[in-house]
Amino acid sequence: MPKAKPLTDEERAVYEWQLWSPEFGEAGQERLKGSRVLISRVGGLGSVVAYELAAAGVGTLILAHGGNIKPSDLNRQLLMTHAALGTSRVQSAERRLKELNPRLDIVAVPENMSDSNAAELVAQADLIVDCAPLFQERFAMNREAVRQSKPLVECAMYDCEASITTILPGRTPCLACRHPDAPPHWRREFPVFGAVSGTVGCLGAMEAIKVLGGFGEPLAGRLLTMDLRTMSFRMLKLARNPACPVCAT
Amino acid sequence: MTVTVSYSGQVRAAAGVSDEKFEVPDGCALDQAVARLAAARGAALKSLLLDAAGRVQPALLLFVNDEQVMTGEARMLMPGDRILLMAPISGG
Ligand SMILES: [Zn+2]
């Protein structure tokens, strides 16, 4: 877990309104300041996670996302701008986040999560927020999060639906309990409104703030699903797979 | 007996509805109910619910009364049970 870092007077002023939150307070803020969060892809979902965590004062954000900005990113990837079309996504994200919170340390990694970099990236973080569009990236992150015993907030969306759970290794089912193999019907491109990815992005940021700040009840072993077409929300209980290839001991 | 079936993710689009009532024989197991649904609805839904061998698609997530049931786990249904069939999603 993160090491608390003392606040400056300037930081007390900036975060004043969240310091009023019961059970969080200055001790929680100091933990956020000492925290390092890895966000895998800063697209529709990860942009909003990163923006909220930057605003909340998480000390270090490690952003992993390959490629350059395309026009079709701009309906949802809120850290990307028209002026930056054709340039690096993580650099645009870093610039926008620093405008919001210049105290932030950002580690911009211009590549997506994979089997070859997951161990090293996860090792740098206290907590991971999974915002990747491909199951292979999610599996690499899950395997390392479980192996290194790091909390993993799993956010996902499709069309007007979204889901989120928080994996606490050793205490909850992991991603591979639910999906031992890549689902055959999933495709990298999918229908999406920015307001849907942004909704679950805010929820993911709140899970990270709670786990790192040491308050509230994370979605441990529970999958919150939502259909924003009808504004229906459901809380589902997840099962641990005793034969899970990743977390079964 | 009557159960309620809800669909989520790509199975929702294939089913054309988000939920419906469905009649199954008394003592019906969850995997049998999924097979009956696959037979009663179109090919698009069937391909998401069952694998090539006609078994419940291993990637499909199954819930009864908001609790996950592992694929392959024997689960008898009761009248009024709420089944949720969820295609995995990974959009980011
Ligand atoms: Zn597992």
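Everything that follows concerns the structure shown earlier in this document.
The model shown is predicted, which means the values in this text are computed figures rather than measured ones.

Definitions and limits used
Residues numbered from 1 in each chain as written. Chains lettered and ligands numbered in written order. Predicted model: local features only at pLDDT ≥ 70, side-chain atom pairs only at ≥ 80, totals over all residues. Heavy atoms only, no water. Contact = heavy atoms within 4.5 Å. Buried area = accessible area lost by both parts, 1.4 Å probe. Salt bridge = Lys/Arg side-chain N within 4 Å of Asp/Glu carboxyl O. Polar contact = N/O pair within 3.5 Å; in protein donor to acceptor, adjacent residues only side chain to side chain. Helix = DSSP H or I, 4+ residues; strand = E, 2+ residues; numbered from the N terminus. Nonpolar A, V, L, I, M, F, W, Y, C, P; charged D, E, K, R; others polar. Axes fitted to C-alpha atoms, helices over the stretch in contact; angles between N-to-C directions. Parallel < 35°, antiparallel > 145°, perpendicular 65-115°, else oblique. Pairing = 2+ DSSP bridges. Right-handed = clockwise from strand over helix to strand, strands pointing away. Phe/Tyr/Trp six-rings, centres within 6.5 Å; stacked < 30°, edge-to-face > 60°. Buried < 20%, exposed > 50% of the residue type's maximum accessible area, 1.4 Å probe, protein only. Donors = N, O, S within 2.8 Å, 3.2 Å for Na, K, Ca; no water. Tetrahedral: all angles 85-135°; square planar, octahedral: opposite > 155°, others 65-115°. Arc of directions from axis to C-beta.

**Q** Looking at this model, I keep getting lost on the interface of chain B and chain A. Mind explaining?
**A** Accessible area lost during the coming together of the parts is what is often quoted as the interface size. In this assembly, 23 residues from chain B lie in contact with 36 residues from chain A. Together chain B and chain A conceal approximately 2,400 Å² of surface at their shared face, both sides included; 58% is due to carbon and sulfur atoms. Three residues, Ile89(B), Ser90(B) and Gly92(B), lead the burial of chain B against chain A; their summed loss comes to 26% of the area buried on that side. The interface formed by chain B and chain A includes two salt bridges. At the boundary of chain B with chain A, the tally comes to 15 residue pairs in polar contact (both at pLDDT 80 or more). Going through the elements one at a time, β1 (2-8), α1 (10-15), α3 (43-49), β3 (61-64), β4 (67-69) and β5 (82-86) of chain B are the ones with two or more residues in the side of chain B that touches chain A. Broken down by element, the side of chain B that touches chain A gets its largest block of residues, three residues, from β5(B). A class-by-class count of the residues in the side of chain B that touches chain A yields nine nonpolar, ten polar and four charged.

**Q** What is the right way to look at the packing of helix α3 (residues 25-33) of chain A against helix α9 (residues 194-213) of chain A in this model?
**A** Helix packing for two helices is described by the angle between their axes and how far apart those axes are. Residues and elements named next belong to chain A. Put simply, α3 and α9 touch, their axes get as near as 8 Å, and they point 110 degrees apart. The orientation of α3 with respect to α9, classified from their angle, is roughly perpendicular. Residue-level contacts link Gly28, Arg31 and Leu32 of α3 to Ile209, Leu212 and Gly213 of α9.

**Q** What is the right way to read the pairing of strand β3 (residues 105-109) of chain A from this model?
**A** Walk down a regular strand and you will see the side chains alternate between the two sheet faces. All names here are of chain A. With five bridges connecting them, strand β2 (residues 60-64) and β3 associate as parallel partners. Residue pairing in the sheet places alanine 64 in a bridge with valine 109 of β3. Handedness of the crossover joining β2 and β3 through helix α5 (residues 89-100) is recorded here as right-handed.

**Q** Help me understand the packing of aromatic side chains, please; the structure alone is not making it clear to me.
**A** The geometry of an aromatic ring pair comes down to the distance between the two centres and the angle between the two planes. Residue and element names in this part refer to chain A. The tally for this structure, following the rule as stated, stands at six aromatic pairs over all chains. Both rings, one in tyrosine 158 and one in tryptophan 186, keep their centres 5.8 Å apart while their planes meet at 65 degrees; by these two values the pair is edge-to-face. Of this pair, tyrosine 158 sits in strand β5 (residues 152-158) while tryptophan 186 sits in the loop between α8 (175-178) and α9, placing them 28 residues apart in sequence. Residue tyrosine 158 is classed as buried on the basis of its relative accessible area of 15%. With a relative accessible area of 9%, tryptophan 186 lands in the buried category.

**Q** Mind showing me how you'd approach the coordination of the zinc ion here?
**A** Under perfect tetrahedral coordination by four donors, a metal shows angles of 109.5 degrees; under perfect octahedral coordination by six donors, it shows angles of 90 or 180 degrees. Residues and elements named next belong to chain A. Protein coordination of the zinc ion is provided by Cys174 (SG), Cys177 (SG), Cys244 (SG) and Cys247 (SG), with donor distances spanning 2.3 to 2.4 Å. Metal-centred angles of 94 to 127 degrees between the four donor atoms at the zinc ion mark the site as tetrahedral. Spacing between the donor residues of the zinc ion along the chain follows C-x2-C-x66-C-x2-C. You can see cysteine 177 sitting in helix α8 and its partner cysteine 244 sitting in the segment after β8 (232-237), a full 67 residues away along the chain.

**Q** How do you make sense of the environment of Leu104(A) when you look at a structure like this?
**A** All names here are of chain A. Relative to the helices and strands, leucine 104 resides in the loop between α5 and β3. Of the residues examined, leucine 104 reaches a relative accessible area of 3% and is grouped as buried. With 44 residues separating them in the primary sequence, leucine 104 and threonine 60 have C-alpha atoms 6.0 Å apart. If near-sequence neighbours (up to four positions away) are discounted, leucine 104 is found in contact with Ala54, Val58, Gly59, Leu61, Leu97 and Lys98.

**Q** Sorry, what's going on with unusual backbone geometry here?
**A** Most peptide bonds take the trans configuration, and most residues that are not glycine carry a negative phi. With a phi angle near 75 degrees, Arg41(A) is a residue other than glycine that sits in the positive phi range. If you trace the backbone, Arg41(A) turns up in the loop between β1 (36-40) and α4 (44-56). On the accessibility criterion, Arg41(A) (11% relative accessible area) is buried. Its identity as a non-glycine residue notwithstanding, Asp66(B) has a phi of 70 degrees, on the positive side. Tracing the chain through its elements places Asp66(B) in the loop between β3 and β4. Of the residues examined, Asp66(B) reaches a relative accessible area of 19% and is grouped as buried.

**Q** Sorry if this is basic, but what is going on with α3(A) here?
**A** Residue and element names in this part refer to chain A. Among all positions in α3, only Gly25, Gly28, Gln29, Leu32 and Lys33 are buried. Looking down the long axis of α3, one finds its buried residues gathered within 145 degrees of arc, a one-sided arrangement. Looking at the packing, one finds that the buried side of α3 touches α1 (9-14), α2 (16-19), α4 and α9.

**Q** Looking at this structure, I do not really get the environment of His179(A). What am I missing?
**A** Inspection of the secondary structure puts His179(A) in the loop between α8 and α9. Judged by relative accessible area, His179(A) falls into the buried class, the value being 4%. As for His179(A) and Arg12(A), which are separated by 167 residues in sequence, their C-alpha atoms are 43 Å apart. His179(A) has contacts with Phe135(A), Phe139(A), Ala59(B), Leu61(B) and Pro88(B), leaving out every residue within four places of it along the chain.

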